[in-house]
Amino acid sequence: MERETGAREGLKGWLNPSKIGKFGIERLAWLLMRLTGLGLLAYFIGHIYETSHILDGKAVWDKSLEMTQTTEGHLFLALVIGMCVFHTGNGIRLMIAQMGYGIGKAERPDYPYKPQSINMKGKACIYATLGMAALAMWYGMAVMFA
Amino acid sequence: MATIHPKLSDELSQTVVSSTKSVKIKIKRSNPNVNSEQKFDDFVVPIEKWTTVLDVLLDVKSHLDHSVGVRYSCRQASCGSCGMKINGKPGLACFTKISELDSDTVTVEPMDNYPVVRDLAVNMDRMINNHKKVMPYVIREDSEIDAESGIREFLQSPENVDKYIQFSSCIKCGLCNSACPTMAMDKTFVGPQALAQAYRYIADDRDKGKNKRLKVIDESHGIWRCHFAGSCSQVCPKGVDPAMGIQLLRGYLLGIRD
Ligand code: HEM
Ligand code: SF4
Ligand code: FES
């Protein structure tokens, strides 16, 4: 019998909320990065489609703009703002870390073996990014619902 | 006739009487070679302040149900055999005290992202294969055994040792691979264990095989699949910090860091 070596946990390993409790804020940032990346991609495609209506004349263009002039539309746009800010901020953190900066320096490990790559600088960046995304959403809603 | 080995049986049945506390251990049972049934068996076992999860499992095996499948060897966080999910988080059974878990019930399950052999024991072939793939040894054309001068050494400064010694603490327990979200979805990802070991040899100035090794990891299911969720480093029991090794290696590959 051929031995199965490729067992995987699957989507549960991504979406199970208990993972975030067990693996910390960095795991939440990872999940949000995926979700906002995909969300922005979907928005981007929808956005190209919506703005392509400009080719169909003013009446059609005005009508397509009205789609987001509702309460649900405003909430949707606020979500897009939040996704943009989080994805950009966290993306910059990741690019810096993934070039090998801000993750500590290799040294002789000593008990209790605290990993240096999971540090306060990174956590502060994640919290700041979440805060900025919330602030931008709040400001956006204040303008849209004014 | 008396018992054949009175000493041995005495030892086996020796449950510490001073113990006033106990813990309920829920063990996930399955035997995929027989059927697909999965269930939890519960046992109550006396504990002390110093009792580890492995102590509890061995107590269950000695006194309550000897058929529990668990892999272990050193009992001191050195051999890397006893990795399992303890209350949902990957950890070494012999390195996790019941008292530090702060709960009356402890649930143990086999590690995620590995096929189960039986109960808590998993098949680690994939990790070992990937570990081999990154050539975890110093690659040199010349040898430490020299025909003319006899045995010589590849000298190295203490500063150069510091660059990789952290990563050489890896005991191949596989906890990092079971915590990694990329491993959860990607069947062919090299995984944090092997990537950290690739960096361990690339950071070693005696090694002359860097390009060979980089070719193995610089591919579509190699290093670029790491998204720095950091979960590998959260669970590593030896301070290897594989996530650090991977990002340093990426910096090296990008030509930004040396
Ligand atoms: C200045 C703006 C942006 C920055 C700095 C940025 C940065 C990044 C980075 C660094 C990653 C890789 C994350 C990782 O390693 O896990 C990423 C992933 C991704 N981005 Fe962006 N991005 C930006 C804008 C966008 C936009 C506008 C879209 C959609 C049209 C988008 C879609 C995605 C997708 C789908 C992923 C894959 C998700 C993932 O790997 O987790 N990004 N982005
Ligand atoms: S890097 Fe750490 S968690 Fe991963 S196999 Fe090695 S010792 Fe275990
Ligand atoms: S028994 Fe060896 S690491 Fe736990």
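Residues numbered from 1 in each chain as written. Chains lettered and ligands numbered in written order. Predicted model: local features only at pLDDT ≥ 70, side-chain atom pairs only at ≥ 80, totals over all residues. Heavy atoms only, no water.

Examining the site of ligand 1
Near ligand 1 you find 14 residues, and of these Arg34, Gly37, His87 and Gln98 of chain A together with His227 of chain B are the closest. Those chains with residues close to ligand 1 are chains A and B. The separation between a nitrogen atom of ligand 1 and a polar side-chain atom of histidine 87 of chain A is 2.8 Å. In this structure, histidine 227 of chain B approaches ligand 1 through a side-chain N or O atom, which is 2.8 Å from an oxygen atom. Those elements that provide at least two residues to the shell around ligand 1 are helix H3 (25–51) and helix H5 (71–98) of chain A. (Near = heavy atom within 4 Å. Polar contact = N/O pair within 3.5 Å; in protein donor to acceptor, adjacent residues only side chain to side chain. Helix = DSSP H or I, 4+ residues; strand = E, 2+ residues; numbered from the N terminus.)

Some points on the confidence of the model for chain B
Close inspection of predicted coordinates is inappropriate for parts of the model with low pLDDT. When the pLDDT values of chain B are averaged, the result is 92; 93% of them are 70 or greater. In the model output, the complex is listed with pTM 0.91 alongside ipTM 0.91. (pLDDT = per-residue confidence, 0-100.)

A few points about the site of ligand 2
If you check the shell around ligand 2, you find 13 residues, and the closest are Cys170, Cys173, Gly174, Cys176 and Cys236 of chain B. The site holding ligand 2 turns out to be the second largest cavity. (1 Å grid on protein atoms, 1.4 Å probe; cavity = no way out; pocket = protein on both sides within 12 Å on 5 of 7 lines; lining within 4 Å. Sits in = over half its atoms within 2 Å of the grid points.)

So, the nonpolar core
Within soluble globular proteins, side chains that are nonpolar generally end up buried alongside one another. Residues and elements named next belong to chain B. Ranked by internal contacts, the top residues of the largest apolar core, which has 36 residues, are Ile25, Ile27, Leu57, Met84 and Val108. When residues of this core are traced back to their parent elements, those giving at least two are strand E1 (21–30), strand E2 (38–47), helix H2 (53–63), strand E3 (83–86), strand E5 (105–109) and helix H6 (175–179). Ranked by residue count, the leading element in this core is H2, at six residues. Looking at this core, you find at least three residues from each of domain 1 (3–122) and domain 2 (125–253). Look past the residues within four positions of valine 108 in its chain and what remains in contact with it is Ile25, Lys26, Ile27, Lys28, Phe40, Val53, Leu57, Met84, Lys85, Ile86 and Leu120. The next biggest cluster of nonpolar side chains, apart from the first, holds 35 residues, and it includes Cys170, Ile202, Ala203 and Cys226. (Core = buried A, V, L, I, M, F, W, Y, C linked by side-chain atoms within 4.5 Å. Buried < 20%, exposed > 50% of the residue type's maximum accessible area, 1.4 Å probe, protein only. Domains from an automatic or database assignment. Contact = heavy atoms within 4.5 Å.)

Comments concerning the interface of chain A and chain B
Taken together, the 40 residues of chain A in the interface contact 50 residues of chain B. Here chain A and chain B share an interface that buries about 3800 Å² over both sides, 58% of which is from carbon and sulfur atoms. Contact with chain B buries area across many residues of chain A, yet Arg8, Phe23 and Gln98 of chain A alone supply 17% of it, more than any other trio. Inspection of the region where chain A meets chain B yields two salt bridges. (Buried area = accessible area lost by both parts, 1.4 Å probe. Salt bridge = Lys/Arg side-chain N within 4 Å of Asp/Glu carboxyl O.)

Observations concerning a nonpolar patch on the surface
On the surface, a cluster of nonpolar side chains totalling about 630 Å² of accessible area is made up of Ile92, Met95, Ile96 and Tyr101 of chain A together with Trp224, Leu254 and Ile256 of chain B. Of note, leucine 254 of chain B is situated in the segment after helix H11 (242–253). (Patch = residues over 30% accessible without salt bridge, like charges linked within 9 Å, V, L, I, M, F, W, Y side chains within 5 Å. Areas by Shrake-Rupley, 256 points an atom, 1.4 Å probe, with all protein chains shown as cover.)

Section: empty space enclosed by the protein
Sizing a probe to match a water molecule and rolling it over the atoms shows the empty space that remains. Residues and elements named next belong to chain B. Within this structure, the stated rule accounts for three cavities of 30 Å³ or more. Taken as a whole, the largest cavity spans an internal volume of roughly 120 Å³. Counting only elements with at least two residues in the lining of the largest cavity, the list comes to helix H7 (181–185), helix H8 (192–202), helix H10 (231–235) and H11. In this structure, the second largest cavity spans a volume of roughly 90 Å³. Together, 16 residues line the second largest cavity, and Cys170, Cys176, Gln193, Cys236 and Val240 are the ones closest to its centre. For the lining of the second largest cavity, the secondary structure elements donating two or more residues are H6 and H8. The dominant element in the lining of the second largest cavity, judged by the number of residues it contributes, is H8, at four residues. A per-class count over the lining of the second largest cavity returns 11 nonpolar, three polar and two charged. (Points joined across faces, edges and corners; volume = space filled by probe spheres on them. Nonpolar A, V, L, I, M, F, W, Y, C, P; charged D, E, K, R; others polar.)

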